[in-house]
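# Remarks on the overall topology
Chain by chain, the residues:
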Amino acid sequence: MIVLNSSDGATFEVEESVAVQSQTIKHMIEDNCADTSIPLPNVNGVTLARVLEYIKKHAEAKDDEEGLKSFDAEFVKVDQASLFEIILAANYLDIKGLLDLTCQTVADQIKDLTVEEVRAIFNIMNDFTPEEEAKLRNDHAWAFE
Amino acid sequence: MESEITLTMSLKIDASGEMPVAMADSAPDFPQELIINIFSRVQAKSIGKCRCVSKPWRSLLSDPLFIKAHLNLHLHHPQKHILISIPHSPPSYNLSAVTFTTTSGSSNNDGFLEKLTLLENQLCFAEIVGSCNGLVLVLTFKGSNTPTMYLMNPTTRELVKFQPSPLVWDDAETSYGFGYDSSSDDYKIVTLSHDWLLDKTESYPAFVDVFSWRTGTWRRIGCFPYVPSSHSGVFLNGSIHWLALSKIDGLCVIIALDTSCEQFQQLPWPETDNTPHNGSRKLVVLGGCLGMVVVQSRHHVDVWMMKEYGVGESWTKFIVTTPKNASVWGPICLLGGDDVVLQMGGKNFVVHNLKERTMRDMVIAGIRDKFRRGVIGFSESLVSPIFNSQQWRATLPEDDFENSC
């Protein structure tokens, strides 16, 4: 069993065979940095718990394609902030399947949004002048058809 | 990449209109590679919109490195877009793009048509030559054998005009090809020219001229020791492929020009192909494989596919036959694993399932008029056909266009 410590001090136990879905953890184990426990200062407890839920499910139900598909679909039904936290964790922990799933989810969200909605979701300030924005939209008329 | 971009997060405003409590105070920043990972998956139109979000976003989403990452992801999607030219008070043509929708959608349509306002009513005898990386090469002939060349991105509607090779004789028979050289990140247009009048003794070979998009110039790279067919080449796996006839025994061959080293090689012919070599044939790319269409009659085509590139034994054939009241022109692209989109003489597309050997008409919203043969599949991409260079500037068609054909 591997012990993982989140940034806010929570402790989690997980089977090594499951944990190595994270390439980051896998390398730490190989480099013998995992004697007592592995500190993960970039991931908080709530997010780490979710990530572990994902990799546990993907380890135990490895061959059940349909089951994993519906699990994944439900898994990403979280609020925006949590989704972003999971993406960052998946990136830091280098878990390809989870990273693909969450990035694709955000990409699918963006697809249907207007410019204003994208700004709202990502909290981006509009730094164009009205003239600049009008010209840019005109140059990209093909995108607004 | 030059600009730094950070993504800060906040909670989405929920349906009740109330702002949730935890706003940006604990918002982490996304590293650039994550932003690229997410946005590479977004379709081109949404990227166009997102460029209008802010200046850093415009910078990042216009950066050539991002465009490349986006292209790499989208090149592997099954080809869902095709370009067709519709006659409009001939001899001019209008270009339209047909997008096939995935069958899991809610609508009953198999696809929809979008009219492109590129070169409206200005294309005379347009020939769609080829496509790669989302760019399409279109030639127009204004009453002479000498074409004007347009390189366009049908997704972003960008367009650039080139002059043909100045080295080609006026009366020469020509065929063309378009491809990409990954070793120098350059697009190349190839002209094969062959002068029948002078070639009574067959001592004049076909010449090969190559245009480099980066330099904006034509070079004659040598001779083509075959008789080229009139069809345009198809680009696949770093080479442009043409059908040609051997001068020695008159047999049909498949010739590939590697766009990087600019060398020709011959590809293996399907061994069990018994059709006479002077029959009507055409190359096509289907599902990432080289395909050869043999037109046996208006109601019967054989389609060969080289399942493993370069391996002669991997040629497999499927046959398409139609009843007497319909005629088939040939396959356009694969949709998913087993569905082939066929262009039927007339004005429709049919999807043919290879496993079940069934055919059904496709319902494409917006198709009303007949369209020409020579449709081409293209990928969605953000690649710009306009190359900014100190030495050479692209001529935009507005500069010197004549309105009459």
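First things first, this report covers the structure right here in the doc. It should be emphasised that the depicted structure is a prediction, and the values quoted were computed from it without experimental measurement.

## Notes on the pairing of strand 10 (residues 186–194) of chain B
Residue and element names in this part refer to chain B. Counting buried positions over the 9 residues of strand 10 gives 9, a clear majority of the element. Burial along strand 10 is two-sided: the residues Asp186, Lys188, Val190, Leu192 and His194 and Tyr187, Ile189, Thr191 and Ser193 are all buried. Here 9 bridges tie strand 9 (residues 173–181) to strand 10, and the two strands are oriented antiparallel to one another. Bridge pairing links Tyr180 to Tyr187 in strand 10. Here strand 9 folds back onto strand 10, and the loop between the two strands holds 4 residues, one of which, Asp185, carries a positive phi near 50°. As defined by bridge partners, strand 10 adjoins strand 11 (residues 206–212) across 6 bridges and the pair is classed as antiparallel. Looking across to strand 11, one finds that Ile189 is bridged to Phe211.

## What to know about the side chain of B:Asn153
Residues and elements named next belong to chain B. Take Asn153: it is sitting in strand 7 (residues 147–153). Using a relative accessible area of 0% as the deciding quantity, one classes Asn153 as buried. Within the local environment of Asn153, its side chain forms a polar contact with the backbone nitrogen of Thr156, the two atoms lying 3.2 Å apart. Non-local contacts of Asn153, meaning those with residues more than four positions away in its chain, are made with Gly134, Leu135, Glu158, Ser381, Leu382, Val383 and Pro385.

## Focus on the sheet that holds strand 24 (residues 348–353) of chain B
Residue and element names in this part refer to chain B. The 4 strands are arranged 22-23-24-25 in an open sheet whose pairing can be described as antiparallel. Two strands in the sheet have a free side with no partner beyond their single neighbour: strand 22 (327–335) and strand 25 (358–361). Each strand of the sheet is rotated relative to its neighbour by a mean of 30°, with strand direction disregarded. In this structure, strand 24 lies alongside strand 25, joined through 4 bridges in antiparallel fashion.

## Let's talk about empty space enclosed by the protein
With a probe scaled to a water molecule rolled over the atoms, the places where space remains empty come into view. Residues and elements named next belong to chain A. Scanning the model with the defined rule gives 1 cavity of 30 Å³ or more in all. Put simply, the largest cavity is a space of about 30 Å³. Along its surface, the largest cavity is lined by Leu4, Ser22, Ile25, Leu48, Val51, Leu52, Ile55, Leu93 and Ile95. Per element, the largest residue contribution to the lining of the largest cavity is 4 residues, and it comes from helix 3 (residues 45–60). Grouping the amino acids of the lining of the largest cavity by side-chain chemistry returns 8 nonpolar, 1 polar and no charged.

## A few points about the sheet that holds strand 8 (residues 158–162) of chain B
Each strand in a sheet pairs with its neighbour through backbone hydrogen bonds, running either in the same direction (parallel) or in the opposite one (antiparallel). Residues and elements named next belong to chain B. Spatially, 4 strands are ordered 5-6-7-8 in an open sheet, and the strand pairing comes out antiparallel. The sheet is open, and its two borders are formed by strand 5 (127–132) and strand 8, each paired with just one other strand. Each adjacent strand pair in this sheet contributes to an overall mean axis angle of 20°, direction not counted. Strand direction decides the pairing type here: strand 7 and strand 8, joined by 5 bridges, are antiparallel. Across the sheet, Leu151 pairs through a bridge with Val160, a residue of strand 8.

## Comments concerning the interface of chain A and chain B
Counting residues at the interface gives 38 residues for chain A, matched by 40 residues for chain B. Both sides together, the interface formed by chain A and chain B hides about 3400 Å², and carbon and sulfur atoms give 66% of it. Sorting the residues of chain A by area buried against chain B places A:Leu88, A:Phe128 and A:Trp142 first, and these three jointly supply 19% of that buried surface. The closest approach of N and O atoms between B:Arg157 and A:Glu145, which form a salt bridge, is 2.5 Å. If you look at where chain A meets chain B, you find 8 residue pairs in polar contact (both at pLDDT 80 or more). Mapped onto the side of chain A that touches chain B, the elements with two or more residues apiece are helix 5 (80–93), helix 6 (96–111), helix 7 (115–122) and helix 8 (130–139) of chain A.

## Here's the deal with the pairing of strand 22 of chain B
Residues and elements named next belong to chain B. Of all 9 residues in strand 22, 8 are buried; the element is thus mostly enclosed. Relative to strand 23 (residues 339–345), strand 22 runs antiparallel, the two sharing 7 bridges. Its bridge partner being in strand 23, Gly330 is matched across the sheet by Gln343. Connecting strand 22 to the antiparallel partner strand 23 that follows it, the hairpin turn spans 3 residues, and Gly336 within it adopts a positive phi of roughly 70°.

## Things to note about a negative patch on the surface
A surface patch of like charges, here negative, comprises A:Asp63, A:Asp64, A:Glu65 and A:Glu66. Its relative accessible area of 39% is what places A:Asp64 among the partly exposed residues.

## Considerations on unusual backbone geometry
The residue A:Asp94 is not glycine, and still its phi comes out positive at about 55°. Locating A:Asp94 in the fold gives a position in the loop between helix 5 and helix 6. Of note in this structure, B:Arg357 is not a glycine but carries a positive phi near 55°. Looking at the secondary structure, you find B:Arg357 in the loop between strand 24 and strand 25.

## Re the packing of helix 3 (residues 55–62) of chain B against helix 4 (residues 64–75) of chain B
All names here are of chain B. Running from N to C, helix 3 and helix 4 point in directions that differ by 60°, and their axes come no closer than 5 Å. Here helix 3 is positioned oblique relative to helix 4, judged by the angle of their axes. Across the interface between the two elements, Leu60, Leu61 and Ser62 from helix 3 touch Pro64, Phe66 and Ile67 from helix 4. In the contact of helix 3 with helix 4, the residues fall into 5 nonpolar, 1 polar and no charged.

Procedures and definitions
Residues numbered from 1 in each chain as written. Chains lettered and ligands numbered in written order. Predicted model: local features only at pLDDT ≥ 70, side-chain atom pairs only at ≥ 80, totals over all residues. Heavy atoms only, no water. Buried < 20%, exposed > 50% of the residue type's maximum accessible area, 1.4 Å probe, protein only. Helix = DSSP H or I, 4+ residues; strand = E, 2+ residues; numbered from the N terminus. Pairing = 2+ DSSP bridges. Polar contact = N/O pair within 3.5 Å; in protein donor to acceptor, adjacent residues only side chain to side chain. Contact = heavy atoms within 4.5 Å. Axes fitted to C-alpha atoms, helices over the stretch in contact; angles between N-to-C directions. 1 Å grid on protein atoms, 1.4 Å probe; cavity = no way out; pocket = protein on both sides within 12 Å on 5 of 7 lines; lining within 4 Å. Points joined across faces, edges and corners; volume = space filled by probe spheres on them. Nonpolar A, V, L, I, M, F, W, Y, C, P; charged D, E, K, R; others polar. Buried area = accessible area lost by both parts, 1.4 Å probe. Salt bridge = Lys/Arg side-chain N within 4 Å of Asp/Glu carboxyl O. Patch = residues over 30% accessible without salt bridge, like charges linked within 9 Å, V, L, I, M, F, W, Y side chains within 5 Å. Areas by Shrake-Rupley, 256 points an atom, 1.4 Å probe, with all protein chains shown as cover. Lys, Arg positive; Asp, Glu negative; His and termini not counted. Charge placed at Lys NZ, Arg CZ, Asp CG, Glu CD. Parallel < 35°, antiparallel > 145°, perpendicular 65-115°, else oblique.

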